[in-house]
Amino acid sequence: MNIIQAENYKQMSELAAKKLIEQINRKSDSVLGLATGSTPEGLYEEIIKEYKEGNVSFKDVTTFNLDEYVGLSKNNDQSYYYYMHKLLFDHIDLKTDQANLPNGDAKDLQEECSRYEASIQQAGGIDIQILGIGLNGHIGFNEPGTPFSIQTHIVDLDESTRNANARFFDSIDEVPLQAITMGIDSIMQTKQIILLVSGSKKAEALEKLVNGPVTEDFPASILQKHPNVTIIADSDALSEL
Ligand code: GLP
């Protein structure tokens, strides 16, 4: 794994934006894997800035998001669909039908998982995947104990994950109990991974990811086995390494 130390959150976001933009400028029809949460917000701001300055175009790009809550409609301001449109898609020239997220409001969720996984394959696979990490080592919404062999699937969210994400909702009771997420196998099939980590709260998780045993009890540890991972982390997040 290649580890890049950024001085702070802003520099981490700028470095990640630079990598994504280089990828698109090398291959205009790149397939990007995108993530949500607080960590990539700065990255999306940087991308919008670069787009407005004319340094990149998304007109041939396809995107797939990692995950979506079950039971929230697209208009719900806590859905990842809403998040992605508000923080990125509405500000760039990405075509709406090329921006993919799992539909957490689908009638048949199982079928939605298969459809989503198949559409990633049909697009030729993900060229570059942005990842964050949860405090318990989750990537996407793959909670501890998730089999490494699994593809896009429905998950019951850990109480700790619901607590961590409750800050975006009015109360913990409003945080959905389930989500659809790309599986560990789907993530491992991506050609390149950029993992963003910021802040001292994540330092222990990052240390475990890099030095700990590869175990389903700490899903992010599988990244040690991926052939092309770049970790971009700020000094606070790297403080335990
Ligand atoms: C959420 C998302 C993950 C994200 C993680 C960390 O649960 N499903 O994709 O990486 O939490 O989020 P944050 O960046 O807000 O710490």
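That block above? That's the structure.
Residues numbered from 1 in each chain as written. Predicted model: local features only at pLDDT ≥ 70, side-chain atom pairs only at ≥ 80, totals over all residues.

Chemist: Where do I start with the nonpolar core in this structure?
Modeler: Ranked by internal contacts, the top residues of the largest apolar core, which has 62 residues, are Ala-16, Leu-195, Leu-196 and Ala-233. Contact partners of Ala-16, with chain neighbours within four places excluded, come to Leu-43, Ile-130, Ile-194, Leu-196 and Ile-232. (Core = buried A, V, L, I, M, F, W, Y, C linked by C-beta atoms within 7 Å. Buried ≥ 20, exposed ≤ 12 C-beta atoms within 10 Å, placed from the backbone. Contact = placed C-beta atoms within 7 Å.)

Chemist: Explanation requested: the sheet that holds strand E6 (residues 128-131) in the structure shown.
Modeler: The pairing of strands in a sheet happens through backbone hydrogen bonds and is either parallel or antiparallel. Taking strand neighbours across the sheet as the criterion, the seven strands line up as E1-E10-E9-E6-E2-E3-E5 in an open arrangement whose pairing is parallel. With one partner strand each, in any of the chains shown, strand E1 (2-6) and strand E5 (99-100) form the two edges of the open sheet. When strand E2 (residues 31-34) meets E6, the two strands line up parallel, connected through two bridges. Pairing of Leu-32 across the sheet is with Ile-128, part of E6. (Pairing = 2+ DSSP bridges. Helix = DSSP H or I, 4+ residues; strand = E, 2+ residues; numbered from the N terminus.)

Chemist: Help me understand helix H3 (residues 80-87) in this model?
Modeler: An α-helix turns once every 3.6 residues. As a result, residues three or four positions apart point the same way. Taken together, the buried positions of H3 are Tyr-80, Tyr-81, Tyr-83 and Met-84. Projection of H3 onto a plane perpendicular to its axis shows the buried side chains occupying an angular sector of 165°, all on one side. Structurally, H3 contributes buried residues whose contacts are with E2, strand E3 (62-65) and strand E4 (67-69). (Arc of directions from axis to C-beta.)

Chemist: Is there a simple way to think about the sheet that holds strand E7 (residues 153-156) in this case?
Modeler: Taken in spatial order, the three strands of this open sheet run E4-E8-E7, and their pairing is antiparallel. Each of the sheet's edge strands pairs with one partner strand only, and the pair in question is E4 and E7. On average, each strand axis in the sheet is inclined to that of its neighbour by 25°, with strand direction left out of account. Inspection of the sheet shows E7 paired to strand E8 (residues 178-181) by four bridges, in the antiparallel sense. Note that in E8 the partner of Val-155 across the bridge is Ala-179. (Axes fitted to C-alpha atoms, helices over the stretch in contact; angles between N-to-C directions.)

Chemist: Mind showing me how you'd approach the environment of Ala-233 here?
Modeler: Relative to the assigned elements, Ala-233 resides in strand E10 (residues 229-234). Judged by the 24 C-beta atoms lying within 10 Å of it, Ala-233 is buried. The spatial distance from the C-alpha of Ala-233 to the C-alpha of Gly-137 is 15 Å, given a sequence separation of 96 residues. Non-local contacts of Ala-233, meaning those with residues more than four positions away in its chain, are made with Ile-3, Gln-5, Ala-6, Met-12, Val-197, Ser-198, Leu-206 and Leu-238.

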